[in-house]
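Fold and contact review
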Amino acid sequence: MSESSFQDDVLGELGPDRLSEIAGLLGTDEAGARGTVATTVGAMTGGLQEKADADDEDGDEVRQAFAEVAEPPLQGVATLGGGLLGGGLMAGVLAKVGKPVAAAVSKKTGIPAATVSRVIELLIPVVLAVFAKRAAAGKGAAAGAPGAAPGGAPAESGGLGDLLGQILGGGRK
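What comes next concerns the included structure.

Along the chain, the position of Asp58 falls in helix α3 (residues 57–70). Given a relative accessible area of 34%, Asp58 falls into the partly exposed group. Separated by 35 residues in the primary sequence, Asp58 and Val93 place their C-alpha atoms 8.9 Å from one another.

Here α3 contains 14 residues, and its C-alpha end-to-end distance of 20 Å stays within 8% of the 20 Å for a straight helix at 1.5 Å per residue. Residues of α3 that are buried include every one of Gly59, Val62, Arg63, Ala65, Phe66, Ala67, Val69 and Ala70, and no others. Among the residues of α3, the N-terminal cap falls to Asp56, whose side-chain oxygen and the backbone nitrogen of Asp58 are separated by 3.2 Å.

For the coordinates displayed, the defined rule picks out two aromatic pairs. For the ring pair Phe6 and Phe131, a centre distance of 5.4 Å and an interplane angle of 35° mean the geometry is tilted. Residue Phe6 is located in helix α1 (residues 2–26), and its partner Phe131 is located in helix α6 (residues 113–137); the two are separated by 125 residues in the primary sequence. Neither residue differs from the other here; Phe6 and Phe131 are each classed as buried. Judged by centre distance (5.3 Å) and plane angle (55°), the ring pair of Phe66 and Phe131 falls under tilted. Of this pair, Phe66 sits in helix α3 while Phe131 sits in helix α6, and the two are 65 residues apart along the sequence. For Phe66, a relative accessible area of 0% puts it in the buried group.

This part is about helix α2 (residues 30–53). Spanning 24 residues, α2 covers 34 Å between terminal C-alpha atoms, matching the ideal 34 Å at 1.5 Å per step. Of the residues making up α2, those classed as buried are Ala33, Thr36, Val37, Thr40, Val41, Gly42, Met44, Thr45, Gly47, Leu48, Gln49 and Ala52.

What the rule picks out here adds up to seven salt bridges. When the shortest N-O distance is used, the salt bridge between Lys96 and Glu61 registers 2.8 Å. One end of the pair, Lys96, is in helix α5 (residues 84–109); the other, Glu61, is in helix α3, and 35 residues separate them in sequence. When its relative accessible area of 21% is taken as the criterion, Glu61 is described as partly exposed. Between Glu121 and Arg118 there is a salt bridge whose closest N-O contact spans 3.1 Å. Taken together, the residues span about one helical turn, with Glu121 and Arg118 both in helix α6 at a distance of three residues. Residue Arg118 is classed as partly exposed on the basis of its relative accessible area of 32%.

With that settled, the discussion passes to the environment of Ile124. In this fold, Ile124 is placed in helix α6. Residue class for Ile124 comes out buried when judged on its relative accessible area of 8%. A sequence separation of 31 residues divides Ile124 from Val93, and the C-alpha atoms of the two residues are 10.0 Å apart.

Turning our attention to the side chain of Thr40. Considering the arrangement of structural elements, one finds Thr40 in helix α2. Owing to a relative accessible area of 0%, Thr40 belongs among the buried residues under this scheme. A polar contact is formed between the side chain of Thr40 and the backbone oxygen of Thr36, at a distance of 2.7 Å. Discounting residues that sit within four places of it in the chain, Thr40 has contacts with Val101, Val105, Val116, Ile120 and Leu123.

Conventions used here
- Residues numbered from 1 in each chain as written.
- Predicted model: local features only at pLDDT ≥ 70, side-chain atom pairs only at ≥ 80, totals over all residues.
- Heavy atoms only, no water.
- Helix = DSSP H or I, 4+ residues; strand = E, 2+ residues; numbered from the N terminus.
- Buried < 20%, exposed > 50% of the residue type's maximum accessible area, 1.4 Å probe, protein only.
- Expected span 1.5 Å × (residues − 1).
- Polar contact = N/O pair within 3.5 Å; in protein donor to acceptor, adjacent residues only side chain to side chain.
- Phe/Tyr/Trp six-rings, centres within 6.5 Å; stacked < 30°, edge-to-face > 60°.
- Salt bridge = Lys/Arg side-chain N within 4 Å of Asp/Glu carboxyl O.
- Contact = heavy atoms within 4.5 Å.

Below is the structure:
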């Protein structure tokens, strides 16, 4: 439902040229590439949400990365520079999540993990751009409300927890 909407946003941001490039990597047509991208993005967002919910260093890192994405300077950089120029922490988090996601998608689809890893590399800047756009769209709501700390306070009502749900397409924490 909402997760599909996130996947649709990524596919829309990807555009026909990058989708064709992914189809070529996978040795499939556009429909096959769309399916693989949707599966991969679903696994990535699921992995991020799982890590964000964890009460450990990984969870802290993911929450910090989402707080960074929500900061205004990243929004312009992500949309103009493809995401990695200012993606900083979130780009690193996505790269860390990439290896287990590649293995899971490979197991599910039969596509070699190395190929899925290459697709993930192509998707990271696109996912960063979608995160930034979603964070910007919600800025006037919970995340940018007066009194909200810059960068968001972890898991406060109306703060980072809501932002995570909004960006990843899930409900509120």
